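# Residue-level structure breakdown
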Amino acid sequence: MEKESALYQLMDTRMNGIMNGIVSSDGEYQAIIRRSDEYSGKLDEMELPKEVRLLIDRYVSEQNALGSQYGMLAYLLGFSDCKTVFLGKCLSTEPQQMS
């Protein structure tokens, strides 16, 4: 999807602005952060070699990026579906490029 499109700009505004307020008050999101902090503390206590910590950090960062990208694409697909519905077109269940 083109980053200059109105849909992408709307997603960017919503995700980088309003989402911050939503996640700060979402109990499930906050519980995930607490569990993540516990695991982080346990890893710190293990006093792993720097190379192992770096490998774990890179792995976790890539997993976070993967989840974030998936979420962004799902958000864009949802808005694309809404646009299709509002324009009175039928939705397809086949994979397609978002416009």
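Residues numbered from 1 in each chain as written. Predicted model: local features only at pLDDT ≥ 70, side-chain atom pairs only at ≥ 80, totals over all residues. Heavy atoms only, no water.

## Structural notes on the overall build of the protein chain
Condition: Note on conventions: DSSP H or I runs of at least 4 residues are helices, E runs of at least 2 residues are strands, and numbering of each starts at the N terminus. Between buried and exposed lies partly exposed: a residue is buried under 20% and exposed over 50% of the maximum accessible area for its type, with that area taken using a 1.4 Å probe on protein chains only. Each accessible area is a Shrake-Rupley result for a 1.4 Å probe, and residues are judged covered by the shown protein chains and nothing else.
Of the regular secondary structure elements, the protein chain holds 3 helices and 0 strands. Along the protein chain, helices and strands appear, N-terminal first, in the series α-α-α. Taking all 99 residues of the protein chain together, 10% fall into the buried category. Accessible surface, the protein chain as shown: approximately 8,400 Å² in total, 57% of it carbon and sulfur.

## A few points about helix α3 (residues 50–86)
Selection rule: Expected helix span is computed as 1.5 Å times (number of residues minus one).
Over its 37 residues, α3 runs 53 Å from end to end, which matches the ideal 54 Å to within 8%, given 1.5 Å per residue. Backbone geometry just downstream of α3 places Gly88 in the positive-phi region, at approximately 80 degrees.

## A word on the packing of aromatic side chains
Under the convention used in this document: Ring geometry is summarised as follows: Phe, Tyr and Trp rings, the Trp one being its six-membered ring, pair when their centres sit within 6.5 Å, and such pairs are stacked at plane angles under 30 degrees, edge-to-face over 60 and tilted between the two.
According to the stated counting rule, one finds 1 aromatic pair in the structure shown. Between Tyr75 and Phe79, the aromatic rings sit 5.0 Å apart at their centres with planes inclined by 55 degrees, giving tilted as the arrangement. With Tyr75 and Phe79 both in helix α3 and 4 residues apart, this pair spans about one turn of that helix. Tyr75 gets classed as partly exposed once you look at its relative accessible area, which sits at 22%. Look at Phe79 and you get partly exposed, because its relative accessible area is 30%.

## As for the nonpolar core
Applicable threshold: What we call a nonpolar core is a set of buried Ala, Val, Leu, Ile, Met, Phe, Trp, Tyr and Cys residues that are connected through their side-chain atoms within 4.5 Å. By the convention used here, residues are in contact when the closest approach between their heavy atoms is within 4.5 Å.
Of all hydrophobic cores here, the largest spans 5 residues; its members are Leu7, Tyr8, Met11, Met72 and Leu76. Residue assignment for this core shows that the elements contributing at least two residues are α1 (6–25) and α3. Per-element tally for this core: the top contributor is α1, with 3 residues. The residues touching Met11, leaving out its near neighbours within four places in the chain, are Met72, Tyr75 and Leu76.

## Focus on the layout of surface pockets
Short version of the rule: The method works on a 1 Å grid over the protein atoms by themselves. A cavity is a set of points holding a 1.4 Å probe that cannot get out, a pocket is an open set with protein on both sides within 12 Å along at least five of seven lines, and residues with an atom within 4 Å of a point line them. Grid points are joined across faces, edges and corners, and a volume is the space filled by probe spheres set on the points. Polarity classes work like this: nonpolar for Ala, Val, Leu, Ile, Met, Phe, Trp, Tyr, Cys and Pro, charged for Asp, Glu, Lys and Arg, and polar for all others, with Gly in that last group.
Of the voids in this model, the largest pocket is the one considered here, and its volume is about 340 Å³. In this structure, the largest pocket is lined by Ser36, Tyr39, Ser40, Leu43, Asp44, Leu48, Arg53, Ile56, Asp57, Val60 and Asn64. When residues of the lining of the largest pocket are traced back to their parent elements, those giving at least two are α2 (27–45) and α3. Empty space within the second largest pocket amounts to approximately 230 Å³. If you trace the second largest pocket, you find it lined by Met11, Asp12, Met15, Asn16, Asn64, Gly67, Ser68, Gln69, Gly71 and Met72. Taken together, the elements giving at least two residues each to the lining of the second largest pocket come down to α1 and α3. Ranked by the residues each element gives to the lining of the second largest pocket, the list is headed by α3, at 6 residues. A breakdown of the residues in the lining of the second largest pocket according to their chemical character gives 3 nonpolar, 6 polar and 1 charged.

Without other data, these values stay purely geometric and don't point to any function.
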